[in-house]
Amino acid sequence: MPVQGIGGLFFRARDPEALSDWYRRHLGIGAGCAAEGTGAPDEWSWKTEGGPVVFAPFKADSDYFAADKQWMLNLRVTDLEGLLEQLNASGIAIETRAEWDNPDIGNFARIHDPEGNTIELWEPPASDD
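Chemist: Is there a simple way to think about the overall build of the protein in this case?
Modeler: Looking only at helices and strands, the protein has two helices and three strands in total. When the helices and strands of the protein are read in sequence order from the N terminus, they spell out α-β-α-β-β. Looking at the 129 residues of the protein, the share that counts as buried comes to 25%. At a minimum sequence separation of 6, the contacts of the protein that also span at least 24 residues come to 46%. Total accessible area on the protein is roughly 9600 Å²; 51% of this is exposed by carbon and sulfur atoms.

Chemist: Is there a simple way to explain a nonpolar patch on the surface in this structure?
Modeler: Together, Ile6, Val53 and Phe55 give the surface a local cluster of nonpolar side chains, amounting to about 390 Å² of exposed area. Looking at the secondary structure, you find Phe55 in the loop between α1 (16-27) and β1 (73-76).

Thresholds applied
- Residues numbered from 1 in each chain as written.
- Predicted model: local features only at pLDDT ≥ 70, side-chain atom pairs only at ≥ 80, totals over all residues.
- Heavy atoms only, no water.
- Helix = DSSP H or I, 4+ residues; strand = E, 2+ residues; numbered from the N terminus.
- Buried < 20%, exposed > 50% of the residue type's maximum accessible area, 1.4 Å probe, protein only.
- Contact = heavy atoms within 4.5 Å.
- Areas by Shrake-Rupley, 256 points an atom, 1.4 Å probe, with all protein chains shown as cover.
- Patch = residues over 30% accessible without salt bridge, like charges linked within 9 Å, V, L, I, M, F, W, Y side chains within 5 Å.
- Salt bridge = Lys/Arg side-chain N within 4 Å of Asp/Glu carboxyl O.

Here it is in structure tokens:
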């Protein structure tokens, strides 16, 4: 297969500049951001670290995320507790549920961006490498 991975995520926003700034400031993602060890950032892209990506359409009536939204962003993280502390200190509401966590899959939390889009934060289990 010639497809190597996701090349971008494009979505509509009422205020794209403000929303881009929010994602950069609170999550370190978006144009001009680079994950540790991925090189210098550039003005157009977000340099990410390789790893698993779930690509999964959901049933139209799924209650896994808000019914009025067509998508939910899931971000793979390495220090969920540390990130949640930073988000909480910034006044961002955080949702966690014990039933979301699974030792074989990882731990999860959810936040919402200023336009109400759900962001699921996922810390996969430590690998045995």
